[in-house]
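Coordinate inspection notes
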Amino acid sequence: TLARSGLVVLYLALAVSFAIVTPPFEAPDETGHLFYINHVAVTGRLPVQTDPSRAVVGEGHQFPLYYVVAAIPVRAFLADNSVDLLPVKNRRYEAPDAAGRHFPKFLHRDVEMFAAGSDQTMFYLLRGYSIALGALTVLLTYAIAGMIRSEIWFQLLAAALVATLPQFLFISASINNDNLVTLASTATIYAALRFWRRPTMRGAIVMGLTLGIALLTKKSALVLIPAVGVIVAALWVRCEPDRPAVARSGLIAIGIAALLGAPVFIRNQIVYGDPLGTAMERETLPELVDEKSLWSPYWLETFLPRLAESFVGVFGWMNVWLPPAVYLVYFALS
């Protein structure tokens, strides 16, 4: 318990440091996520990306749970129900200079980033909200590792990998819905492993709840559905005398997740004519659509190397790398 608490303290120290030294809005798409929170806090409604009067630039296509929760303190404690920000674009951002140096996206020296001190305070409180979600993810990682192997060193190593991973710390110290979907996904994995070890009705309910929360948070959580389905199917095969009970529990888990996630998919169907909102994303974010053949050399030459690097950490706007030794150390730990 002492070692686990020490890891959480280490994570908090590192994440708070990232939150302090990362300038406002220089974490990925932080302004877009904050605009979404403001929209919910001010209007009490979700954005409609195909309606210019109700659209949120950049992130309004995202599933809503993270933003709805974050909007609660904004609406409660700010007089105008909004974190008023004044970012000024840096003209030198678009390209590195002759020495290969990159520049921040916004100006920070001698520039006011917020309309008032209360806006700045709320901004850092929202970063703190993300940090708290990350701390719970570290604790769940420790618990998951303990279900895989009983040795304390394995649990500490697995949790330390997460607690000190630079990219995880960077995102955890920013306003970003990735933090809630990461926590909900980790909780779903934990609940699914517990259900695998002991398939009780209570375990099925918890698994359904965590999966439903993940589905309300981000579309990428859909990847958890086949994973949970495989666990339930494997249990059904393994537990021959109790197959009806396993089937009932599995159906209840999927049913709870479906009921929780259904409002988002139904709204997307009504508003955009597509339960996943994919057509809307293609229409409103055409600059992000870059279709490639599965046989394109891009996957091996660009995608996999950049994915591996960004797993450990690439900062700025994917243009500031860590020293090579750091990548080697984390690849070895992984």
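Residues numbered from 1 in each chain as written. Predicted model: local features only at pLDDT ≥ 70, side-chain atom pairs only at ≥ 80, totals over all residues. Heavy atoms only, no water.

Once that is clear, we can look at unusual backbone geometry. For Phe 25, which is not glycine, the phi dihedral falls at a positive 75 degrees. Mapped onto the secondary structure, Phe 25 falls in the loop between α1 (2-21) and α2 (30-43). Classification of Phe 25 as buried rests on a relative accessible area of 0%. A positive phi angle, near 55 degrees, is found at Asp 29, a position not held by glycine. Position of Asp 29 relative to the elements: it lies in the loop between α1 and α2. Under the relative-accessibility criterion, Asp 29 is labelled partly exposed at 37%. (Helix = DSSP H or I, 4+ residues; strand = E, 2+ residues; numbered from the N terminus. Buried < 20%, exposed > 50% of the residue type's maximum accessible area, 1.4 Å probe, protein only.)

Time to look at the packing of aromatic side chains. The geometry of an aromatic ring pair comes down to the distance between the two centres and the angle between the two planes. A complete count under the given rule lists 17 aromatic pairs for this structure. On the numbers, 5.4 Å between centres and 70 degrees between planes, the contact of Phe 25 with Phe 123 is edge-to-face. Placement of Phe 25 in the loop between α1 and α2 and of Phe 123 in helix α4 (residues 117-148) is noted, with a sequence separation of 98 residues between them. Phe 123 sits in the buried class, given a relative accessible area of 0%. Plain terms: the ring middles of Phe 63 and Phe 265 are 5.6 Å apart, the flat faces sit at 85 degrees to each other, and that makes the pair edge-to-face. Of this pair, Phe 63 sits in the loop between α2 and α3 (65-77) while Phe 265 sits in helix α10 (residues 243-272), placing them 202 residues apart in sequence. Each member of the pair, Phe 63 as well as Phe 265, is classed as buried. Grouped by ring-pair contacts, the aromatic residues Phe 25, Phe 106, Phe 114, Phe 123 and Tyr 124 constitute a single cluster. Arg 243 extends its terminal NZ or CZ atom over the ring of Trp 236, reaching a point 4.4 Å from the ring centre. (Phe/Tyr/Trp six-rings, centres within 6.5 Å; stacked < 30°, edge-to-face > 60°. Lys NZ or Arg CZ within 6 Å of the ring centre and 35° of its normal.)

Turning to the packing of α2 against α3, a few remarks are in order. Axis separation between α2 and α3 bottoms out at 8 Å; the angle between their running directions is 65 degrees. The handedness of the crossing between α2 and α3 is right-handed. Taking contact as the criterion, the partners of His 33, Tyr 36, Ile 37, Asn 38, Val 40, Ala 41 and Val 42 in α2 are, on α3, Tyr 66, Tyr 67, Val 68, Ala 70, Ala 71, Val 74 and Arg 75. Among the residues making up the contact of α2 with α3, the classes are represented as eleven nonpolar, two polar and one charged. (Axes fitted to C-alpha atoms, helices over the stretch in contact; angles between N-to-C directions. Left-handed = near helix turned anticlockwise from the far one by under 90°. Contact = heavy atoms within 4.5 Å. Nonpolar A, V, L, I, M, F, W, Y, C, P; charged D, E, K, R; others polar.)

Any functional reading would require information beyond the geometric quantities listed.
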